[in-house]
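Listed here are the chains, written in short residue letters.
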Amino acid sequence: MSESHLFYQTTSRRPRVARSEGIYLWDTGGKRYIDASSGPMVSNIGHSNPRVLAAMKQQMDRATFAYRLHFENDAAESLATLTASLMPEGVDRIFFVSGGSECIESCLKLARQYAVVSGQASRWKVISLFPSYHGSTLGAAAVTGMHQFVEPFRQMIREMPKIPAATCYLDRDELTHEERGRKYAAMLREEIERQGPETVLAFIMEPVGGASTGALVAPDSWYREIQNICREYGVLLITDEVMTGAGRTGRFLASEYWDMQPDIIAMAKGFAAGYAPLGAMAAHRDIVAVVMEHGGFAHGYTYAGNPLACAAGLAVLDELIQQDLIGNAAARGARLKSMLTGLMDRYPFIGDVRGKGLLLAFELVADRDTMEPLPVELNAHIRLVEEAYQRGLIIYSRRTRGGTIGDHFMVCPPLIVTDADLDEILRLLIDSLDAFAKSAGLPTTPHKVTS
Ligand SMILES: Cc1ncc(COP(=O)(O)O)c(C=O)c1O
């Protein structure tokens, strides 16, 4: 391999991509990979969709860039109208960005500016969860609960208060699932009181956890309670649907499962499904109206509302709706979840399978009864991914518990996935798990679950 001048999180090298189609990618050596994680949970409608490519080409032939302070453009207007129609009642003002981190910055700043202009300038603290991931920019890092992405920058950011995510699957108490949900939600109330309610601006959360928790779903009671608490204290609710949005969980927004009424919603990733760097903030019209009355939103990006990106986004959402890919995510997701759960019989070191729709993950543990994680030095989160990669299966992993210990694996194929595709994914995953278990010296005999 020739020297590369690129660097990202590490300098490790990967094969070079030659082309992609549907759920597959091929490298320049001709090897085929199943994209069973949709990249980092992005490629919701699969790769190289001809209708999306045609829509982009059509837009390219008209104009690829027209600055929003100089021109409006059809693609951005149509995409905003369609997006607004998919949002909860009243959350119908749309602000386009180029990705998830930009979107979170926009949510935080819109919330803050709203407080400033509406006579609540004492409110600036944004409570979030630990673990959580909201992005890599400094503002997003301030609300992110993952040590390795925050630690080096701690001095540079104004870190925000965190409460524990509802990791009920780790709890060994006498409470019911719903009681646990209320227990975790009560921590939000306690934190608001501890911080001083007049200083708390917002609560930000991923309705279904992303890469930081591995598709964590809280008890229903948690969602109900946190909404009530936010309302009671006048704290804005920001739902980060960067990963969960655009159908990934089997609903357009994951928060629909709990009839949530957020004030501000962040979307990116599947929103344009990798065809263009694009995200969208949806905000309640009353919030935007007040900010606009007071001189406008003091925030913006050069590429906001880029016509080419918006044409891609519009075609992606069209495809999601026309092909009922959200319905497919719900149906295929239910099957994939039961297939992954079935693996627990064969692999006693799978401690939990969780998620909704096609946002699914399984977590490896040393002991299923105590949920003690595998030894850190085993580096399971790297080794199993590599076993799968060798076999042409792409899955996505992270350390689970704050980013330092625990190993979870996201199995999140594109929403176009078929039952036959799922069978192939499972076969390759079993081969990979067998090879990993063998090399790590872990048992593969059936295990009786006692709790
Ligand atoms: C829930 C969530 N929010 C925000 C982000 C940041 O998005 P981006 O990487 O596009 O900046 C991510 C990325 O993984 C995410 O999963």
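Residues numbered from 1 in each chain as written. Predicted model: local features only at pLDDT ≥ 70, side-chain atom pairs only at ≥ 80, totals over all residues. Heavy atoms only, no water.

**Structural notes on the overall build of the chain**
Next up, step 1: When helices and strands are counted, the chain shows 13 helices and 16 strands.
Next up, step 2: Against the 2.2 N^0.38 benchmark of 22 Å for 451 residues, the chain shows a C-alpha radius of gyration of 22 Å, consistent with a compact globule.
Next up, step 3: In the chain, of all internal contacts separated by at least 6 residues, the share reaching a separation of at least 24 is 73%.
Next up, step 4: Of the roughly 19200 Å² that the chain leaves accessible, carbon and sulfur atoms contribute 53%.
Next up, step 5: Across the chain, 45 positive and 53 negative side-chain charges occur, with their mean positions spaced 3 Å apart. (Helix = DSSP H or I, 4+ residues; strand = E, 2+ residues; numbered from the N terminus. Rg over C-alpha atoms; globule rule 2.2 N^0.38 Å. Contact = heavy atoms within 4.5 Å. Areas by Shrake-Rupley, 256 points an atom, 1.4 Å probe, with all protein chains shown as cover. Lys, Arg positive; Asp, Glu negative; His and termini not counted. Charge placed at Lys NZ, Arg CZ, Asp CG, Glu CD.)

**A word on the environment of Arg 398**
Next up, step 1: Secondary-structure assignment places Arg 398 in strand β15 (residues 396-398).
Next up, step 2: Linking Arg 398 and His 408, residues 10 residues apart in sequence, is a C-alpha distance of 5.7 Å.
Next up, step 3: In this structure, Arg 398 is in contact with Met 146, Phe 149, Ala 211, His 381, Gly 406, Asp 407 and His 408, ignoring residues within four places of it in sequence.
Next up, step 4: One polar contact links Arg 398 to Tyr 396, side chain to side chain, over a distance of 3.1 Å. (Polar contact = N/O pair within 3.5 Å; in protein donor to acceptor, adjacent residues only side chain to side chain.)

**Considerations on unusual backbone geometry**
Next up, step 1: For the bond from Phe 130 to Pro 131, the omega torsion is -5°, close enough to zero to count as cis.
Next up, step 2: Turning to its location among the elements, Pro 131 is positioned in the loop between β5 (125-130) and α5 (138-142).
Next up, step 3: Despite not being glycine, Asp 259 has its phi angle at roughly 50°, a positive value.
Next up, step 4: Considering the arrangement of structural elements, one finds Asp 259 in the loop between β8 (236-240) and β9 (264-267).

**Examining the packing of helix α12 (residues 380-390) against helix α13 (residues 419-440)**
Next up, step 1: In the contact formed by α12 and α13, the axes pass within 8 Å of each other and the chain directions differ by 135°. Judged by the angle between their axes, α12 and α13 are oblique. For the element pair α12 and α13, the recorded crossing hand is right-handed. Where α12 abuts α13, its residues Ala 380, Arg 383, Leu 384, Glu 387 and Ala 388 lie against Ser 432, Leu 433, Ala 435, Phe 436, Ser 439 and Ala 440. (Axes fitted to C-alpha atoms, helices over the stretch in contact; angles between N-to-C directions. Parallel < 35°, antiparallel > 145°, perpendicular 65-115°, else oblique. Left-handed = near helix turned anticlockwise from the far one by under 90°.)

**Remarks on the site of the ligand**
Next up, step 1: Near the ligand, the surroundings consist of Gly 99, Gly 100, Ser 101, Tyr 133, His 134, Gly 135, Glu 206, Asp 240, Val 242, Met 243 and Lys 269.
Next up, step 2: Asp 240 has a polar side-chain atom sitting 2.7 Å from a nitrogen atom of the ligand.
Next up, step 3: Here an oxygen atom of the ligand and a side-chain polar atom of Lys 269 are 3.0 Å apart.
Next up, step 4: Relative to its unbound accessible area of 390 Å², the ligand is 81% covered by the protein chains.
Next up, step 5: Grouping the amino acids of the shell around the ligand by side-chain chemistry returns three nonpolar, five polar and three charged. (Near = heavy atom within 4 Å. Nonpolar A, V, L, I, M, F, W, Y, C, P; charged D, E, K, R; others polar.)

**Description of the confidence of the model for the chain**
Predicted coordinates in regions of low pLDDT should not be interpreted in detail.
Next up, step 1: Per-residue confidence for the chain averages 96 on the pLDDT scale, and 99% of its residues sit at or above 70.
Next up, step 2: The weakest mean pLDDT in the chain belongs to helix α6 (residues 147-150) at 89; the strongest belongs to β9 at 99.
Next up, step 3: Here residues 447-451 scores under 50 on pLDDT; set against residues more than four positions off or in separate chains, the count is seven contacts. (pLDDT = per-residue confidence, 0-100.)

**Some remarks on helix α7 (residues 177-195)**
Next up, step 1: For α7, with 19 residues, the first-to-last C-alpha span of 28 Å sits near the 27 Å given by 1.5 Å per residue.
Next up, step 2: Among the residues making up α7, those that are buried are Arg 180, Gly 181, Tyr 184, Ala 185, Leu 188, Glu 191 and Ile 192. For α7, the angular spread of the buried residues around the axis is 145°, confining them to a single face.
Next up, step 3: In this structure, the buried side of α7 is in contact with β5, β6 (162-164), β7 (200-205) and α8 (220-233).
Next up, step 4: Gly 196 sits one or two residues past α7 and shows a positive phi near 95°. (Expected span 1.5 Å × (residues − 1). Buried < 20%, exposed > 50% of the residue type's maximum accessible area, 1.4 Å probe, protein only. Arc of directions from axis to C-beta.)

**Concerning the packing of aromatic side chains**
Next up, step 1: Enumeration over the complete set of coordinates arrives at 14 aromatic pairs.
Next up, step 2: Plain terms: the ring middles of Phe 95 and Phe 297 are 5.4 Å apart, the flat faces sit at 70° to each other, and that makes the pair edge-to-face. In this pair, Phe 95 sits in strand β4 (residues 93-97) while Phe 297 sits in the loop between α9 (285-293) and α10 (307-322), placing the two residues 202 residues apart along the sequence. Take Phe 95 and Phe 297: they sit in the same class, and that class is buried.
Next up, step 3: Ring centres of Phe 349 and Phe 436 lie 6.0 Å apart, and the angle between their planes is 70°; this geometry places the pair in the edge-to-face category. Taken together, the residues Phe 349 in the loop between α11 (325-346) and β11 (350-356) and Phe 436 in helix α13 connect sequence positions 87 residues apart.
Next up, step 4: Judged by its relative accessible area of 3%, Phe 349 falls in the buried class.
Next up, step 5: Residue Phe 436 is classed as buried on the basis of its relative accessible area of 0%. (Phe/Tyr/Trp six-rings, centres within 6.5 Å; stacked < 30°, edge-to-face > 60°.)

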